[in-house]
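Analysis of the macromolecular model
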Amino acid sequence: MNSWFLAAGITALGVAAVHIIGGGRDVARPLLSSGLADEPKRVLHAVWHMVSVDLVLSGLALLYLARTDGATPGTGLVAWFVAAHFIAYAATFLVVTLSVGWPRPLLRLPQWILLLPVAVLAAAGAA
């Protein structure tokens, strides 16, 4: 069993749980009760659900890769893909946070702190 992929998968599923529970309370509910027009509100809500599904599927894929122990063709490619998209997620939060000009910006949208370890663990497993 590849312990890097196992750690990445468990971490990714933890990130998914935080996103679903915390994001539902802190982001989705306020968004749905806001005065934003219905169409952008529904699109943003759908995107939030799309990310939820992506986080869960990524965690499950990493757990599957942990079980195969690299014996399945394409394992490295899938792991690098998951690592790359978690890097992209983390970078997106960092860029948005740093572009606003908030004080203590790295703690304003701390999602990157959860996303980056998954990328590092998945990359370590793929290397």
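Structure shown above.
Notes on the structure follow. (Residues numbered from 1 in each chain as written. Predicted model: local features only at pLDDT ≥ 70, side-chain atom pairs only at ≥ 80, totals over all residues. Heavy atoms only, no water.)

**Considerations on the environment of Q111**
As for its placement among the helices and strands, Q111 is situated in helix α4 (residues 111-126). Remark: the alpha-carbon pair of Q111 and H19, spanning 92 residues in sequence, is separated by 8.8 Å. (Helix = DSSP H or I, 4+ residues; strand = E, 2+ residues; numbered from the N terminus.)

**So, the environment of G101**
Along the chain, G101 falls in the loop between α3 (75-100) and α4. Between the alpha carbons of G101 and G76 there is a distance of 38 Å; along the sequence they are 25 residues apart.

**Digging into the pattern of salt bridges**
Under the definition given, this model contains 1 salt bridge. Between D26 and R25 there is a salt bridge, with the nearest N and O atoms lying 3.2 Å from each other. The class of R25 is partly exposed, set by a relative accessible area of 47%. (Salt bridge = Lys/Arg side-chain N within 4 Å of Asp/Glu carboxyl O. Buried < 20%, exposed > 50% of the residue type's maximum accessible area, 1.4 Å probe, protein only.)

**Quick notes on the packing of helix α1 (residues 3-32) against helix α2 (residues 38-68)**
Packing of α1 against α2 brings their axes to within 7 Å, and their N-to-C directions diverge by 165 degrees. By the criterion of interaxial angle, the relationship of α1 to α2 is roughly antiparallel. Regarding α1 and α2, the two cross each other, and that crossing is left-handed. Partitioning the contact of α1 with α2 into residue classes produces 22 nonpolar, 7 polar and 2 charged. (Axes fitted to C-alpha atoms, helices over the stretch in contact; angles between N-to-C directions. Parallel < 35°, antiparallel > 145°, perpendicular 65-115°, else oblique. Left-handed = near helix turned anticlockwise from the far one by under 90°. Nonpolar A, V, L, I, M, F, W, Y, C, P; charged D, E, K, R; others polar.)

**Considerations on α3**
For α3, spanning 26 residues, the distance from its first C-alpha to its last is 38 Å, which sits close to the expected 38 Å at 1.5 Å a residue. Those residues of α3 that sit buried are T75, A79, V82, A83, H85, F86, A90 and T97. Buried residues along α3 sit against α1, α2 and α4. Taken from the residues just after α3, G101 is the one with a positive phi, measuring 90 degrees. (Expected span 1.5 Å × (residues − 1). Contact = heavy atoms within 4.5 Å.)

None of this, on its own, says anything about what the molecule does.
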